[in-house]
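# Architecture and fold: a report
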Amino acid sequence: MSNAMDFNKIRKKRKRTQLFKRMGVLLGLALILLVLLSLNDMLVQEGALTRMRDFFGGMGGSGYPIPAPGGVLREVMALDGDVAVLNDTNLYLYNKKGKELLNLQRMSDNTIALTAGGRILTYELGGTRYKIHTRQSLLLEGEHEHPITAMALGERGDYAVVSSSKQYAAQVTAYSPRFEMAFQWSSNELVTGVALHPKGGGMAASSVGAWEGVLRSSIYFFAFNTDKELAKVDFTDQLILWMAYLGDNQIGVLTDKSYHILDGQGNLLAELSLAGERPVALRSNKGELLLLCENPEARSQTLLLVDSKGKELGRLHPGQKVRDMQVGGSVYLLTDDGIVRCDKTLSPVATSPITGVNRILLANQVLYGFTAEEIQMLDSHGTALAQDSSTP
């Protein structure tokens, strides 16, 4: 009898030990989840169900090529590894297997689309409405008090609105990834753009005005924990065309005459003159800037590739007109002869004759071509691939 009782005690003790272990594992997983939620503002805002819906709903697809959505093609964009297409009526999103993830009707003829941080921002230029989506879910549908002149979307899920104002020429309002107002700045100058700091808590804004009859553009730097500007940099007789953070403490600024790299305090780190040529297109990737310039008098084009420190990596005078371009591990040029692949010195490596392609796009280092009839996945030489659902 005593041996049976001892066995029962041992068995109960073992069960309690296993139960405690399971409870410990569950508590540990719950703790890890709470830590992740507290650290990830985007996950808090989007929610676990949205993330699961995006993940599982984004799987599948029969492969490329797929039929083009039709209409007039306005813009193509990458959302991580997905492909976004904006035409004159709708915004479409496809995964790497060609499955349609989103089909959004444009808010108006002046709808602008931006992608960053796994999100899509659409807004009415000159209107008041805007929306933020993930791959398959609507996160926010907002309406601003004043007409919108520009917006920005950060990699963290934060965003900013540039608008008119009753008392000032322009106003910039920045929001956190949880869609809470984080900062607001009003200006008597015309604000043309805004860039959000990649780690949050700050931004840069560009403006244009006149000083003693001379055109003057400016960059203002802000931290959200203070009302005063951190720095201001003026560009006399120059018009700012583009700006973006290249890293935590560097920002690239392209004007109609030169390319500048500044630090977070507005100090000039590098400058590259465009030598009188006019910038007409640009692509950026991980701090590198691919810039296409034209010389109207000579009827010629010049391509420049500049790294994040302002060093010129390559220069090319293409023999054919460049209709589109992409930069990633290599540089791809869409010309009348086909798709030209170049290395990072802009030396041509290969040319693939291809017909009917109007635009090209790099999404997660995968090259896509867009014709009036279909969207194609291309290999590194620019040749169309036939992909099926079993292709990884």
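Let me sum up the structure you'll find in this document. On a predicted model such as this, the values are computed, not experimentally measured, just so you know. (Residues numbered from 1 in each chain as written. Predicted model: local features only at pLDDT ≥ 70, side-chain atom pairs only at ≥ 80, totals over all residues. Heavy atoms only, no water.)

## A few points about the overall build of the protein chain
- Across its full length, the protein chain holds two helices and 33 strands.
- Within the protein chain, the proportion of its 392 residues that are buried is 48%.
- Taking the contacts inside the protein chain whose residues are at least 6 apart along the sequence as the reference set, 37% of them involve residues at least 24 apart.
- Roughly 20,200 Å² of accessible area belongs to the protein chain as shown, and the carbon and sulfur atoms make up 52% of that amount. (Helix = DSSP H or I, 4+ residues; strand = E, 2+ residues; numbered from the N terminus. Buried < 20%, exposed > 50% of the residue type's maximum accessible area, 1.4 Å probe, protein only. Contact = heavy atoms within 4.5 Å. Areas by Shrake-Rupley, 256 points an atom, 1.4 Å probe, with all protein chains shown as cover.)

## Digging into the pairing of strand β32 (residues 374–378)
- The element β32 is largely enclosed, with a buried count of four among its five residues.
- Sheet topology note: the strand β1 (residues 66–67)/β32 ladder contains two bridges and is antiparallel. By the bridge assignment, proline 67 is partnered in β32 with glutamate 374.
- Relative to β32, strand β31 (residues 366–370) runs antiparallel, the two sharing four bridges. Along β32, the bridge assignment pairs glycine 369 with glutamine 376.
- Between the antiparallel neighbours β31 and β32 lie three residues. (Pairing = 2+ DSSP bridges.)

## A short note on a nonpolar patch on the surface
- Taken together, the side chains of Leu215, Leu239 and Leu241 present a nonpolar region at the surface, about 220 Å² in accessible area.
- Looking at where leucine 239 falls in the secondary structure, it is placed in the loop between β17 (231–236) and β18 (240–247). (Patch = residues over 30% accessible without salt bridge, like charges linked within 9 Å, V, L, I, M, F, W, Y side chains within 5 Å. Salt bridge = Lys/Arg side-chain N within 4 Å of Asp/Glu carboxyl O.)

## Section: the nonpolar core
- Counting residues in hydrophobic clusters, the biggest one holds 17 residues, and the most contacted among them are Val172, Phe183, Trp185, Val191, Val194, Met203 and Phe222.
- Looking at this core, the elements that each hand over two or more residues are β10 (148–153), β11 (159–163), β12 (170–175), β13 (181–187), β14 (190–196), β15 (202–211) and β16 (214–223).
- If you look at the next biggest cluster of nonpolar residues, it comprises 14 residues, including Leu121, Ile132, Ile148 and Tyr159. (Core = buried A, V, L, I, M, F, W, Y, C linked by side-chain atoms within 4.5 Å.)

## Focus: the sheet that holds strand β26 (residues 322–327)
- Judged by pairing direction, the sheet is antiparallel, and its four strands sit side by side in the order β26-β27-β28-β29 without closing on themselves. Here the strands that pair on one side only, and so sit at the sheet edges, are β26 and β29 (348–352). Put simply, the sheet's adjacent strands are angled 20° from each other on average, direction ignored. (Axes fitted to C-alpha atoms, helices over the stretch in contact; angles between N-to-C directions.)

## Digging into the sheet that holds strand β3 (residues 82–87)
- One open sheet accounts for four strands, arranged β2-β3-β4-β5; its pairing is antiparallel. Edge positions in the sheet fall to β2 (73–79) and β5 (100–105), since each has one partner strand and no second. Geometrically, the sheet is characterised by an average inter-axis angle of 15° between neighbouring strands, direction not taken into account.
- As judged from the six bridges shared by β2 and β3, these two strands associate in the antiparallel manner. Across the sheet, residue valine 76 finds its bridge partner in β3, namely valine 85.

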